[in-house]
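Notes for the structure review
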Amino acid sequence: MTVDRILPTDEAHDLLDLATELADRELAPKAAGFEERGEFPREVLRTLGRAGLLGLPYPEEHGGAAQPYEVYLQVLEILASRWLAVAEAVSVHTLSCYPVAQFGTDEQRKLLPDLIGGELLGAYCLSEPQGGSDAAALTTKAVRDGDDYVVSGTKAWITHARVADFYNIFCRTGGPGPKGISCLLADRNTPGIHPQAAERTMGLHSSPIAQIAFDDARVPADRLIGGEGVGFTIAMSALDSGRLGIAACAVGLAQAALDYAVGYAKERQQFGRAIIDFQGLGFSLADAATQISAARALTLAAARLRDAGRPYSIEAAKAKLFATDMAMRVTTDAVQVLGGAGYVADHPVERYMREAKVLQIVEGTNQIQRLVISRALAKG
């Protein structure tokens, strides 16, 4: 289905055309094979980086494209509609560049052209085996020792854990609670950083997700981002943007599932007519189309607030909540439309359904989004 988009500039139209061309040529034909093999598509990410699609929301002086978040999210949606793992990789990489871009010193920002360009890939190390939703209780510790911080602890569920070139490490440099947390930027070849075996996940098989053990890893003190005790602020600020990225991924995945289900329903004949002509099924597809449009509108409305410099964290939580729950419903319904055919790997909708589940979990579970929204309501 062609999505009618209203974009702020001709350049933005050109970017979306480029994203569509690359997604059709580099992503769509490769997704099923890479997912089946569990192989990370590193060269695909380099191709996107060289095309300028990994630094869209960042300033040109740092190697970015200086595009509004509204445009970046629509690029993510296009990528996700062809291959969710790649879109999620772009979202995580964009998130990983955020701490230096937003909170780094002028000297630290000199690293951004290399970080943003796509030759280097980032990872965002916040969650821990015993601390996911309760990020303020993290226990990974960093102790100052001369010109270094010595980092010890374990991070969990880290996207790009085994393939990243740099890591944002959220660690405890002070006392308990959020004010004791700091953020360090570490290179992958830092001694003492040990990515573990990849997790065996339900979906996103081409995305390496694993724990990372820090065994007295020495990170130079000049890689401290924002100062000691600022890490929790950095993490929460980054996640507001990251949640919009996940919402856009959810919209793209749901659109792919709907498009496939509609195509199948128009071709599949039962009782002498196409199954899309039966109201029970046609109405389900109509509901899916409506929900996708609503999720897209909610996500882009939050992005416009961000672009205007206005508060948007609650709207980002709403967009992430609604879009990812929507994607789970739409992909499940797409499997149902195909019936038995939807349950086998010959058709991509079974993969879409498995992939949709993780979007309800990453960047803050949807239960946490409801908590964020309800607390805002309570405060008035």
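Here the structure is a predicted model, which means the values were calculated and not measured. Sequence positions are assigned chain by chain, starting from 1 and proceeding in written order. Local features are withheld for residues below a pLDDT of 70 in this predicted model, meaning they are given only at 70 or higher, and side-chain atom pairs are given and counted only at 80 or more; totals for whole chains, interfaces and linings count all residues. Water and hydrogen atoms play no part in the side-chain values, which are based on all heavy atoms of the structure.

Regarding a negative patch on the surface
In this analysis, a patch consists of residues with relative accessible area above 30% that form no salt bridge, clustered at 9 Å for like charges and at 5 Å for the nonpolar side chains Val, Leu, Ile, Met, Phe, Trp and Tyr. Note on areas: Shrake-Rupley with a 1.4 Å probe; residue coverage comes only from the protein chains shown. A side-chain nitrogen of Lys or Arg and a carboxyl oxygen of Asp or Glu constitute a salt bridge if their distance falls within 4 Å. Think of it this way: Lys and Arg go in the positive column, Asp and Glu in the negative one, and His and the chain ends go nowhere. Taken as the charge location is NZ of Lys, CZ of Arg, CG of Asp or CD of Glu. Together, Asp 10, Glu 11, Asp 14, Asp 17, Glu 60 and Glu 61 make up a negatively charged patch on the protein surface. Counting from the N terminus, the helices are the DSSP runs of H or I reaching at least four residues and the strands are the DSSP runs of E reaching at least two. Counting through the fold element by element, Asp 14 comes out in helix H1 (residues 10-27).

Structural notes on the UniProt feature "domain: Acyl-CoA oxidase/dehydrogenase middle" (unreviewed entry) in the protein
The UniProt entry lists residues 123-216 under the feature "domain: Acyl-CoA oxidase/dehydrogenase middle" (unreviewed entry), expressed in the numbering used here. With 0% helix and 51% strand, residues 123-216 has end C-alpha atoms that lie 19 Å from one another. UniProt positions are given in the numbering used here, feature names are shortened, and annotations may be inferred rather than shown by experiment.

Brief notes about the environment of Gly 227
Among the structural elements, Gly 227 can be located in the loop between strand S8 (224-225) and helix H8 (231-267). Between the alpha carbons of Gly 227 and Gly 131 there is a distance of 23 Å; along the sequence they are 96 residues apart.

Brief notes about the pattern of salt bridges
Here the structure, examined in full by the defined rule, presents 23 salt bridges. Across the pair Glu 26 and Lys 30 runs a salt bridge, and its minimum N-O distance is 2.9 Å. For Asp 165, the salt bridge goes to Arg 42, with nearest N and O atoms at 3.4 Å. Highlighted residues: Asp 165 in the loop between strand S3 (148-159) and strand S4 (166-172) and Arg 42 in helix H3 (residues 42-50), separated in sequence by 123 residues. Salt bridges here are not isolated pairs; linked through shared partners, they connect Glu 21, Arg 25, Glu 26 and Lys 30.

What about the side chain of Asn 168?
Of note, Asn 168 is situated in strand S4. For Asn 168, a relative accessible area of 0% puts it in the buried group. Contacts described as polar in this section are N or O atom pairs within 3.5 Å, which, within protein, must combine one atom able to donate a hydrogen with one able to accept it, while residues neighboring in sequence count only if both atoms come from side chains. Separated by 2.7 Å, the side chain of Asn 168 and the backbone oxygen of Ser 96 make a polar contact. Sequence-distant contacts of Asn 168, that is, excluding residues within four places in its chain, are made with Ser 96, Pro 99, Ala 123, Tyr 124, Cys 125, Cys 183, Leu 184 and Leu 185. Only protein chains enter the accessibility calculation, which uses a 1.4 Å probe; a residue is then buried when its area is under 20% of its type maximum, exposed when over 50%, and partly exposed in between. A contact between two residues is defined here by any heavy atoms of the two lying within 4.5 Å.

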